[in-house]
Amino acid sequence: MGNRKLMAIVLIGLTFVGMTLSGCTQQKANTIIVGTSADYPPFENTTVNGSIVGFDIDLIKKVLQDEGYTVQVRDIAFDSLIPELQLGHINVIAAAMTINAERETQVSFSRPYYDANQSVLVQTGSGVNITNTIDLTKYIVGAQTGTTGWEWVNSTLVATGKLNPDHFNSYQSALLAINDLQNGPTRLGALVIDSPVANAFAAKQAVKVALTITTNESYGFAVKIGNTALLTKINNDLLNVTGSSYWKELVDKYFAS
Ligand code: ARG
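Remember, it's a predicted structure, so these values are computed and weren't measured experimentally. (Residues numbered from 1 in each chain as written. Predicted model: local features only at pLDDT ≥ 70, side-chain atom pairs only at ≥ 80, totals over all residues. Heavy atoms only, no water.)

Asker: Before we go on, may I ask you to explain the overall build of the protein chain in this structure?
Answerer: Each helix and strand counted, the protein chain has nine helices and 13 strands in total. Relative to its full complement of 257 residues, the protein chain shows a buried share of 43%. Pairs at least 24 apart in sequence give 74% of the contacts found in the protein chain among residues at least 6 apart. Surface exposure of the protein chain reaches about 12900 Å², of which carbon and sulfur atoms provide 54%. (Helix = DSSP H or I, 4+ residues; strand = E, 2+ residues; numbered from the N terminus. Buried < 20%, exposed > 50% of the residue type's maximum accessible area, 1.4 Å probe, protein only. Contact = heavy atoms within 4.5 Å. Areas by Shrake-Rupley, 256 points an atom, 1.4 Å probe, with all protein chains shown as cover.)

Given below as structure tokens:
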């Protein structure tokens, strides 16, 4: 083979590699990785065949796809979502995450898209009797690690000396907490969890809402601090979507009883 011919082949090869690579970066730039904690129906959960679905997932996909992005969803433990966002491993958090001052120092939140309070779940027929927050101190109380419910139990009951720290169970996953609740009060007597999620579990499992604690929380999507371009797009689209018929369909799909 002549040198020229070889050169030509190498050049064609390089051009091809170049095109493939730029094709890749092109696609990457347009792909948004959404992190969630898929243990929180009806906002996010995993189906039997392993796909991640829910109100948050539909909503963030709609918003990002409207803005021209391809969306990938990743399941991550709730208390690792903020660190993963800060490390740049995910671009957006969609996890029924409450907007609050402490988190505002770590991430940037979108406009609020859903309101919630805390509820106390107990096993149906367990004999656990809770009519006010002080009644909680008679039982083993649980909450998901890193959540506002966990913070509430910790600051209101544990830090004030009302609940023995040995009687406070922290769960990595909300699903594990729901399981333990159904193992009976010797394992877990009461679970503090977001009210819309408590209602969803109560509709499907042998658990019921004993008490609601008014905390006036609002969920927001989160992006890395400084990612104002993405945040502006999300906020603009959220505003459009919340006023649309799509919003009503979404609410009906996930919250109609
Ligand atoms: N709203 C609560 C919080 O922000 C609980 C959210 C838990 N989300 C979840 N996908 N497990 O702390």
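Asker: When you look at the layout of surface pockets in this model, what are you seeing that I'm missing?
Answerer: Gaps left between atoms show up when a probe the size of a water molecule is rolled over them. Size it by volume and the largest pocket reaches roughly 440 Å³. In terms of lining residues, the largest pocket is bounded by 18 residues, among which Pro41, Pro42, Ala200, Lys204 and Tyr254 are the most central. Elements with a minimum of two residues in the lining of the largest pocket: strand E3 (44-46), helix H7 (195-204) and helix H9 (245-255). Here the lining of the largest pocket is composed, by residue class, of eleven nonpolar, five polar and two charged. Approximately 280 Å³ is the volume attributed to the second largest pocket. Every residue lining the second largest pocket is counted, 15 residues in all, and those nearest its centre are Glu102, Arg103, Gln106, Gly146 and Glu151. Of all elements in the fold, only helix H3 (81-86), helix H4 (101-104) and helix H5 (148-158) reach the threshold of two or more residues within the lining of the second largest pocket. Sort the elements by how many residues they give to the lining of the second largest pocket and H5 lands first, with three residues. Residues belonging to the lining of the second largest pocket are distributed by class as follows: five nonpolar, six polar and four charged. (1 Å grid on protein atoms, 1.4 Å probe; cavity = no way out; pocket = protein on both sides within 12 Å on 5 of 7 lines; lining within 4 Å. Points joined across faces, edges and corners; volume = space filled by probe spheres on them. Nonpolar A, V, L, I, M, F, W, Y, C, P; charged D, E, K, R; others polar.)

Asker: Please explain the site of the ligand as it appears in this structure.
Answerer: With respect to spatial proximity, 15 residues lie near the ligand, and among them Ala96, Thr98, Arg103, Thr148 and Asp194 are the closest. Between the ligand and Thr98 there is a distance of 2.7 Å, counted from an oxygen atom to a backbone nitrogen or oxygen. Between Gln144 and the ligand, the recorded distance is 3.0 Å, taken from a side-chain N or O atom to a nitrogen atom. Burial of the ligand by the protein amounts to 100% of the accessible area it has alone, namely 350 Å². Most atoms of the ligand, that is more than half of them, are within 2 Å of grid points of the largest cavity. Its residues assigned to classes, the shell around the ligand comprises six nonpolar, five polar and four charged. (Near = heavy atom within 4 Å. Polar contact = N/O pair within 3.5 Å; in protein donor to acceptor, adjacent residues only side chain to side chain. Sits in = over half its atoms within 2 Å of the grid points.)

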